[in-house]
Amino acid sequence: WLKRCNRCAALSARQLVRPAVGCAGAMAPATPPESDDGISPYSLDEGVDILPDSRWMPKFRKLLGCGGGVQPSRSLRARWSAPPGDPLRALSVHYICNELPLQVERVGLSMESTVHQVEERLVRGTDLDAPCPRDGRPGCAFVDRVSGRGAVGRATHMLSYTWGYRLQQIAGSLQGFCSANNLNPKRTFVWICAFCINQHRVREARSLGNNVSFGQFAREFGDRVKSIGHVLALMAPWHAPDNLERAWCVYELFIALDTPGCRLDFLMPPNQAQCLSEAVVSEAGQAGTMWTALTHVCLKRAQASVVEDKEGIMRAVKEGPGLEALNFCVRQKLVAWFVGAIEQQAIAMLKTRPLLEAAEAVANAGVHLCSLDASDATIKICHMAMRHLKSAGALESIAGARVLSTVGRAQFLSGLGSGSANLSTALSILGQEGGLLTDNGASALEWEGIAQLLDGNTSLGVERLEAAMKVRRDTGTLDTEPGAHMFVHMALLSIHMKEFDQAVSFVHKVVEVTKTVASLQRSPILAHGLVLGAFAQSQLGDHEAAWELCQRAKSIYRALGIENSTRVARAVGVEAYVEMRRGNLDAALNKCKEARAVHLRAAPLRTCCAADLWMIDAFVKMAAGDEAGARASYRQAQRVHRRTGFKVGAFMDFSSEMERFQRASSLRRGNSAVCSQSSLHRLIHSPFVSKTQSLECGKVGGNEAGAAPVQLEPPVPPPAAAALAVSPPT
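Cut-offs used in this document
- Every chain begins its residue count from 1, and numbering advances along the sequence as written.
- Only residues with pLDDT of at least 70 get local features here, since the model is predicted, and only at 80 or more are side-chain atom pairs given and counted; chain-wide, interface and lining totals rely on the full set of residues.
- Side-chain measures were taken over the full set of non-hydrogen atoms in the model, leaving aside hydrogen atoms and water.
- A cavity here means a set of 1 Å grid points, computed over protein atoms only, where a 1.4 Å probe fits but cannot escape. A pocket is an open set with protein on both sides within 12 Å along at least 5 of 7 lines, and lining residues have an atom within 4 Å of a point.
- Grid points are joined across faces, edges and corners, and a volume is the space filled by probe spheres set on the points.
- Secondary structure elements follow DSSP: runs of H or I of four or more residues count as helices, runs of E of two or more count as strands, with numbering from the N terminus.
- The rule is short: rings of Phe, Tyr and Trp, with Trp giving its six-membered ring, pair when the centres are within 6.5 Å, and they are stacked under 30 degrees, edge-to-face over 60, tilted in between.
- We call a residue buried when its accessible area falls under 20% of the maximum for its residue type, exposed when it is over 50%, and partly exposed in between, using a 1.4 Å probe and counting protein chains only.
- Whether a charge sits over a ring depends on NZ of Lys or CZ of Arg being within 6 Å of the ring centre and within 35 degrees of the ring normal.
- Salt bridges are identified by distance alone: a Lys or Arg side-chain nitrogen within 4 Å of an Asp or Glu carboxyl oxygen.
- Only heavy atoms enter the contact rule, under which two residues are in contact if any of them lie within 4.5 Å.
- Throughout, the ten residues Ala, Val, Leu, Ile, Met, Phe, Trp, Tyr, Cys and Pro are labelled nonpolar, Asp, Glu, Lys and Arg are labelled charged, and all others, Gly among them, are labelled polar.
- Think of it this way: DSSP has to see at least two bridges between two strands before they count as a pair.
- Axis angles are defined between N-to-C directions and span 0 to 180 degrees, where every axis is a line fitted to C-alpha atoms and, for a helix, only to the segment in contact.

Caption draft 1: Structural context of empty space enclosed by the protein. What the rule picks out here adds up to 5 cavities of 30 Å³ or more. Its volume calculated, the largest cavity comes out at about 410 Å³. Taken together, 23 residues form the lining of the largest cavity, with Phe 412, Leu 413, His 528, Arg 567 and Arg 570 sitting closest to its centre. For the lining of the largest cavity, the secondary structure elements donating two or more residues are helix 18 (398-414), helix 20 (439-454), helix 22 (481-496), helix 24 (524-539), helix 26 (566-582) and helix 28 (608-623). In terms of residue count, the dominant contributor to the lining of the largest cavity is helix 22 (4 residues).

In structure tokens form, the structure reads like this:
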């Protein structure tokens, strides 16, 4: 019974033993002796103790029918045990949050003091005669002076931080981490170098000029990270973390990411979470600070007090994953933290703020989550807000319309539906409440227009987008972040209508807006526009300019830490199409596979983006002469369209070209006519195929000799359009 469940056994044993010894609940069992590391040898999981007491242990044994009694939990004791002098001895989160402030106050400091100040006044300024258990000399590490149950133990986590952080930031972040992950603060021990390394010996070595070599320090540090297995990186301020400016912090991140089985989590102090909330939840069109924070990550700028240390660190990183790969991993972690923090703040606002105000905040949060490709999180928080609004009878309000519009946008971006139903409902509510001629109305019109295009309602989609454009123009928001979104969608409409020169002009306007709004120069909005521009330029015959735009868009996604996303998959798919038009068929086929792999890591291959990718794959295989593969990929695209209900792809629609190809190949297979290779070449490599162009076939009469071959008229290209010139970001 005890072996099956220690927790239940401990609780049940107390309930059975106390009546047996005549205890009505007032008498508490005796406290067992503590070991010198503060851990009870009888401790069970989560701090539940079966406490041996000579007064009731014999009856307890008899009651359980056990001849040996309760045995100490040796495995748990070994797990938590770290006697003084152990290199992995660490402070518990409970001690840091509750006992350390008292120690700091005794030396005239507070939790607002920096680690630098605390190290000088508390760590090295008190108990100077305490012998070090490592070498026996006076002066020991702070952690070796701490004892008591739940105060010290073997490190379960390691903190990566700078000494410029305040103790309150460290304590608040660790306390929040334990709460978020349901960890017992008394059993969560964090290794912090300022408290766990003998700073007396460090100062002595520096005064004698005996700096520890980088190689020795790197070996010791690597062994410590491997032994602990979980690194917590404290990031503050959230938009420009100080620890990313320190070379040793960079090395800690590198070791954590390079060590198999080691976990890396980012922490931010509560006040920084509040700042993030104010920056991105309060205003839907003010995400520039977030993009700046992501692109600010450049570990090459990190500094060290010892020049040789920085050189050794950068050399180790370059020999390992590489500096750019490390930058990208850090950005990905930041993106994941942003998503979690924004979602938590939105949910908290639903519980603490007035309903309509909270619904507005949720809508703003959803817009930013969509920009981070977190459509699932957007749908989750929006559905929560919709339930609250519906129960209060406030769904048909401006706030309710904003939430409906946001969830419709998320459904569209997820690719699993157009979201047109929610968007239409939002427009209806805004019309009743007089909110159509506002920024909210323009956004709802804009997204419903795109959704209607995918549903095959081209005329309604054009009407909605033109109405949104007029509202943006009247409200003077075309030169803002929402205006950049508007131009991207107008470029998408132009591509859908096969007006590629017009699409290029709209992308030019996107670039102009990003030049006036500095925070948008490295943003997903610009990257989306560049992908559309690349496709349009390639259709106009300027394949080199199109290829450069693809590379620029991909570099922006990478600078933002966005990798496994349907938008990135579409960018790679457009690159495959451009490579095909450049004549690099092998590269195009490889890019098609890469695009599907990226999409599959983000979402199943049953979205509108997946239909685009299958369509590109079919077109590339058609160019490569793989007729069977082209037909198979085209059928996959049609199958996705049937499953999703979309009539066309997002913007890469080659249906007319594929139908012409199938008709020509069927004629060729039936030997009723001969389709010339030059005609097929013109079909694939022409600048673009007009929407109104039709297949001209000569009269074919069975298998008669001398029948006229099928001729595919080469399309007439429009006037040449200037290549997009995107100035490099400052």
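Caption draft 2: Representation of the packing of aromatic side chains. Per the stated rule, a full pass over the model turns up 11 aromatic pairs. When the centroid spacing of 5.6 Å and the interplanar angle of 85° are considered together, the rings of Trp 238 and Phe 338 count as edge-to-face. Of this pair, Trp 238 sits in the loop between strand 5 (230-234) and helix 11 (247-258) while Phe 338 sits in helix 15 (residues 323-352), placing them 100 residues apart in sequence. You can call Trp 238 buried: its relative accessible area is 2%. One aromatic cluster in this structure is built from Phe 221, Trp 248, Tyr 251 and Phe 254. The positively charged end of Arg 558 is found above the aromatic ring belonging to Phe 328, 4.2 Å away from the centroid.

Caption draft 3: The arrangement of the pattern of salt bridges in detail. Here the structure, examined in full by the defined rule, presents 27 salt bridges. Residues Asp 373 and Arg 567 are paired through a salt bridge, measuring 3.6 Å at the closest nitrogen-oxygen approach. You can see Asp 373 sitting in the loop between helix 16 (355-371) and helix 17 (375-391) and its partner Arg 567 sitting in helix 26, a full 194 residues away along the chain. The exposure class of Asp 373 is partly exposed, given its relative accessible area of 27%.

Caption draft 4: Quick look at the side chain of Gln 199. Mapped onto the elements of the fold, Gln 199 is located in helix 9 (residues 199-207). Apart from residues lying up to four places away in sequence, Gln 199 is in contact with Glu 119, Val 123, Arg 124, Trp 163, Cys 193 and Ala 194.

Caption draft 5: Fine view of the layout of surface pockets. Here the largest pocket defines a volume of roughly 1400 Å³. Along its surface, the largest pocket is lined by 43 residues, and Ile 197, Val 202, Arg 206, Phe 217 and Trp 248 are the ones closest to its centre. Listed by contribution, the elements that provide at least two residues to the lining of the largest pocket are strand 3 (157-160), helix 8 (193-196), helix 9, helix 10 (214-228), helix 11 and helix 14 (307-319). Of the residues in the lining of the largest pocket, the class split is 21 nonpolar, 11 polar and 11 charged.

Caption draft 6: Representation of the sheet that holds strand 6 (residues 263-267) within the structure. Within the open sheet, the 6 strands sit side by side as 2-1-4-3-5-6. Their pairing is mixed. Two strands bound the open sheet, and with one partner strand each, they are strand 2 (152-154) and strand 6. Neighbour-to-neighbour, the strand axes of this sheet turn through a mean angle of 40°, independent of strand direction. Relative to strand 6, strand 5 runs parallel, the two sharing 5 bridges. Looking at the pairing, Leu 234 lines up with Leu 267 of strand 6. Each of strand 2, strand 3, strand 4 (189-191) and strand 5 is contacted by helix 10, which is oriented at about 130° to strand 3, the strand it contacts most.

Caption draft 7: Representation of the side chain of Ser 160 in the model. Assignment of secondary structure puts Ser 160 in strand 3. In this structure Ser 160 comes out as buried when scored by relative accessible area, which is 1%. Discounting chain neighbours no more than four positions away, the residues touching Ser 160 are Val 231, Leu 232, Ala 233, Leu 234, Asn 243, Cys 249 and Glu 252.

Caption draft 8: Spotlight on unusual backbone geometry. A cis amide bond, omega -10°, links Ala 236 with the succeeding residue Pro 237. The topology assignment puts Pro 237 in the loop between strand 5 and helix 11. Positive phi, normally seen in glycine, also occurs at Asp 373, with a value near 60°. Even without being glycine, Lys 498 reaches a positive phi, approximately 60°. With respect to the helices, strands and loops of the structure, Lys 498 is situated in the loop between helix 22 and helix 23 (500-516). Relative accessible area serves as the criterion here: at 16%, Lys 498 is assigned to the buried category.

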